[in-house]
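# Reading the structure
Listed below are the residues making up each chain.
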Amino acid sequence: MSKNKKALIVCNGDHPQKDLLCKLWKLSDFRVAADGGANLLHAMNLFPDAIIGDFDSIKKEVKNNFSNSILHYIKEQDTNDADKAVRHCLERGYLEINLIGADGARQDQFLTNLEILMKYSTEAHLYLWTKMERMEFVYEYWEESLPIGTTISLLPVFGGSNRVITNGLKFNINHSMLPGEPPSGVSNIVESNPVSVKVLNGQILLVIQISKIFFK
């Protein structure tokens, strides 16, 4: 399998924006429902390549609609269904994994999914999509060209970093700690390209407004 192929995981959080889900679906080579995420896909008449989890949230009538060959029951309760789905994709060699439907009313579940994003970001490029943002963790170096005016935030989640250097932003950060003194990492603006972030001794959660980078 080509290492640049993309996997998509549909989780059982709030229903994602339909246009976003459909676009990610078309761009993906391998599509996974994390347990109850299959309920949404069934309602949209979309058929995943695999359904992963302990099957405590997938509806019985939905489960019966799919072939047993794509059902992967994992009993263990040490990790949640999104974690199980990410591991399934990693085991198959996918180095870009997108998660959607991973946010919702239960903030403990959302924070757990952010922790999953951090945990596996050294093994693959993991992205978590909400209705408004794309999130990823930066450990060493990140660079991308983004539309001028795009809102971007650098958040010191799960410890932050001892040193952050940015280029291309309205308020560039230079050798600063996050968390630390201003300039803040929240709600910065892209002014030039490429935008780059260098992180030393830690990690930063990168949050990018998606309306300008995805819906063109």
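A brief look at the structure comes next. (Residues numbered from 1 in each chain as written. Predicted model: local features only at pLDDT ≥ 70, side-chain atom pairs only at ≥ 80, totals over all residues. Heavy atoms only, no water.)

The next point concerns the overall build of the chain. Counting its regular elements, the chain contains six helices and 14 strands. Whereas a compact globule of 216 residues would reach a radius of gyration of roughly 17 Å, the chain reaches 18 Å, a difference of no more than 12%. Here the C-alpha coordinates of the chain stretch approximately 55 × 35 × 35 Å along the principal axes. Relative to its 216 residues, the chain shows a buried fraction of 50%. Approximately 10,700 Å² of the chain is accessible, and the part contributed by carbon and sulfur atoms is 49%. Between the mean site of the 23 positive side-chain charges and the mean site of the 25 negative ones, the chain shows a separation of 5 Å. (Helix = DSSP H or I, 4+ residues; strand = E, 2+ residues; numbered from the N terminus. Rg over C-alpha atoms; globule rule 2.2 N^0.38 Å. Buried < 20%, exposed > 50% of the residue type's maximum accessible area, 1.4 Å probe, protein only. Areas by Shrake-Rupley, 256 points an atom, 1.4 Å probe, with all protein chains shown as cover. Lys, Arg positive; Asp, Glu negative; His and termini not counted. Charge placed at Lys NZ, Arg CZ, Asp CG, Glu CD.)

With 31 residues, the main nonpolar core has Ile 9, Val 86, Ile 97, Leu 99 and Leu 117 as its most contacted residues. The biggest single contributor to this core is helix α5 (residues 107–120), with six residues. Those residues in contact with Ile 97, other than ones at most four positions away along the chain, are Ala 7, Ile 9, Val 86, Cys 89, Leu 90, Ala 124, His 125, Leu 126 and Tyr 127. Judged by nonpolar contacts, the second largest core, of 22 residues, contains Leu 40, Leu 46, Ile 51 and Ile 70. (Core = buried A, V, L, I, M, F, W, Y, C linked by side-chain atoms within 4.5 Å. Contact = heavy atoms within 4.5 Å.)

Moving on, we get to the side chain of Ser 28. Topologically, Ser 28 is positioned in the loop between α1 (18–27) and β2 (30–34). Ser 28 sits in the buried class, given a relative accessible area of 6%. A polar contact of 2.6 Å, which involves the side chain of Ser 28, links it to the backbone oxygen of Leu 24. Beyond its immediate chain neighbours, meaning those up to four positions away, Ser 28 contacts Lys 6, Ala 7 and Leu 8. (Polar contact = N/O pair within 3.5 Å; in protein donor to acceptor, adjacent residues only side chain to side chain.)

On to the packing of aromatic side chains, then. A complete count under the given rule lists four aromatic pairs for this structure. Note on Phe 47 and Phe 66: the rings are 5.8 Å apart at their centroids and 75 degrees apart in plane angle, and the pair reads as edge-to-face. With Phe 47 in the loop between α2 (37–43) and β3 (50–53) and Phe 66 in the loop between α3 (60–63) and β4 (71–73), this residue pair connects regions lying 19 residues apart in the sequence. When its relative accessible area of 48% is taken as the criterion, Phe 47 is described as partly exposed. Measuring from centroid to centroid gives 5.8 Å for Phe 55 and Tyr 73, while their planes differ by 45 degrees, and the two rings are tilted. Of the two residues, Phe 55 sits in the loop between β3 and α3 while Tyr 73 sits in strand β4, which places them 18 residues apart along the sequence. (Phe/Tyr/Trp six-rings, centres within 6.5 Å; stacked < 30°, edge-to-face > 60°.)

On to the pattern of salt bridges, then. Going through the model one piece at a time under the given rule, you end up with six salt bridges. When the shortest N-O distance is used, the salt bridge between Lys 119 and Asp 83 registers 2.6 Å. Taken as a pair, Lys 119 in helix α5 and Asp 83 in helix α4 (residues 81–91) lie far apart in primary sequence, 36 residues in all. For Glu 91, the salt bridge identified is with Arg 92, shortest N-O distance 3.7 Å. For Arg 92, a relative accessible area of 37% corresponds to the partly exposed category. One continuous salt-bridge network, built from bridges that share partners, spans Asp 83, Arg 87 and Lys 119. (Salt bridge = Lys/Arg side-chain N within 4 Å of Asp/Glu carboxyl O.)

Right, let's talk about the sheet that holds β2 for a bit. If you walk across this open sheet you meet the 10 strands as β4-β3-β2-β1-β5-β6-β7-β14-β9-β12, and the pairing is mixed. Two strands close off the open sheet at either side, each with one partner strand: β4 and β12 (188–189). The sheet contact formed by strand β9 (residues 151–155) and strand β14 (residues 204–209) spans four bridges and is antiparallel. Counted as the bridge partner of Ile 152 is Ile 208 from β14. Where α1 meets the sheet, it contacts β1 (6–10), β2, β5 (96–100) and β6 (125–129), and its direction lies at approximately 145 degrees from that of β1. (Pairing = 2+ DSSP bridges. Axes fitted to C-alpha atoms, helices over the stretch in contact; angles between N-to-C directions.)

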